[in-house]
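Chain by chain, the residues run as shown.
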Amino acid sequence: MSDGFDTPQAAEDAYYDALESRDADLMARVWDDSPDIACMLPMQPLVQGVQVRNMMRDLLRSDVPIDIRVTHIRWVELGDVAIHYAQEHNNAAQAPPDAPGIFATNIFRRRGDAGWTMILHQNSPPPPDGPPPGR
């Protein structure tokens, strides 16, 4: 079992810190050890369980520039599950300052005294320009 974090926010902060510092050991602590963990990125296949750890390890070893600024949209905590909605801006991508960020959903689980760990990270492309479609 991973040595989790005291709060979902601490786990989320560690996730983004691990990305930016390319710290594989910290990233391994962030993710739960369950085969049920998952990561869904735009235009990529769903990865689950050990595949998530392998994908993250490969990302941290790559030369992809990472400098993420996170804007929190909403946090929901339901007992031992926490859902964080955020918008990510990769400053390293050198996008214009007014470019929309990528929406992210980070879900965490608490396992008693073992603490909080991530069980899902999902990104979606930014919304299209203009008003949202009618319902």
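Since the structure is predicted, the reported quantities are computational estimates derived from the model, not experimental observations.

(A) Structural view of the overall build of the protein. Within the protein, the regular secondary structure consists of three helices and six strands. When the helices and strands of the protein are placed in sequence order, the string is α-α-β-β-α-β-β-β-β. The C-alpha radius of gyration computed for the protein amounts to 15 Å, which stays within 12% of the reference 14 Å derived for 135 residues, consistent with globular compactness. Overall, the C-alpha framework of the protein stretches about 45 × 40 × 25 Å when taken along its three principal axes. The proportion of buried residues among the 135 residues of the protein is 37%. Within the protein, contacts between residues separated by at least 24 positions form 53% of all contacts whose residues are at least 6 apart in sequence. Summed over all atoms, the accessible surface of the protein reaches about 8100 Å², with 54% contributed by carbon and sulfur. If you average the places of the 11 positive and of the 20 negative side-chain charges in the protein, the two averages end up 4 Å apart.

(B) Examining the layout of surface pockets more closely. By volume, the largest pocket amounts to about 600 Å³. Forming the walls of the largest pocket are 28 residues, and the residues nearest its centre are Ile68, Glu88, Asn90, Ile102 and Asn123. Of all the elements in the fold, those that place two or more residues in the lining of the largest pocket are α1 (8-21), α3 (50-61), β3 (68-78), β4 (81-90) and β6 (116-124). Here the residues of the lining of the largest pocket sort into 19 nonpolar, seven polar and two charged.

(C) Representation of the sheet that holds β6. Here six strands make up an open sheet; going across it, the order is β2-β1-β6-β5-β4-β3 and the pairing mixed. Of all strands in the sheet, those bounded by a partner on one side alone are β2 (47-48) and β3. Across the sheet, α1 lies against β3, β4, β5 (102-110) and β6, angled at about 155 degrees from β3, the strand it touches most.

(D) Representation of the side chain of histidine 84 within the structure. By the element assignment, histidine 84 lies in strand β4. When its relative accessible area of 3% is taken as the criterion, histidine 84 is described as buried. Setting aside residues up to four positions removed in sequence, histidine 84 forms contacts with Pro8, Gln9, Glu12, Arg74, Trp75, Ala104, Thr105, Asn106 and Phe108.

(E) Main features of the environment of phenylalanine 103. Its place among the elements puts phenylalanine 103 in strand β5. In this structure, phenylalanine 103 is in contact with Ile73, Ala86, Gln87, Gln122, Asn123, Ser124, Pro125 and Pro127, ignoring residues within four places of it in sequence.

Cut-off values and rules
- Residues numbered from 1 in each chain as written.
- Predicted model: local features only at pLDDT ≥ 70, side-chain atom pairs only at ≥ 80, totals over all residues.
- Heavy atoms only, no water.
- Helix = DSSP H or I, 4+ residues; strand = E, 2+ residues; numbered from the N terminus.
- Rg over C-alpha atoms; globule rule 2.2 N^0.38 Å.
- Buried < 20%, exposed > 50% of the residue type's maximum accessible area, 1.4 Å probe, protein only.
- Contact = heavy atoms within 4.5 Å.
- Areas by Shrake-Rupley, 256 points an atom, 1.4 Å probe, with all protein chains shown as cover.
- Lys, Arg positive; Asp, Glu negative; His and termini not counted.
- Charge placed at Lys NZ, Arg CZ, Asp CG, Glu CD.
- 1 Å grid on protein atoms, 1.4 Å probe; cavity = no way out; pocket = protein on both sides within 12 Å on 5 of 7 lines; lining within 4 Å.
- Points joined across faces, edges and corners; volume = space filled by probe spheres on them.
- Nonpolar A, V, L, I, M, F, W, Y, C, P; charged D, E, K, R; others polar.
- Pairing = 2+ DSSP bridges.
- Axes fitted to C-alpha atoms, helices over the stretch in contact; angles between N-to-C directions.

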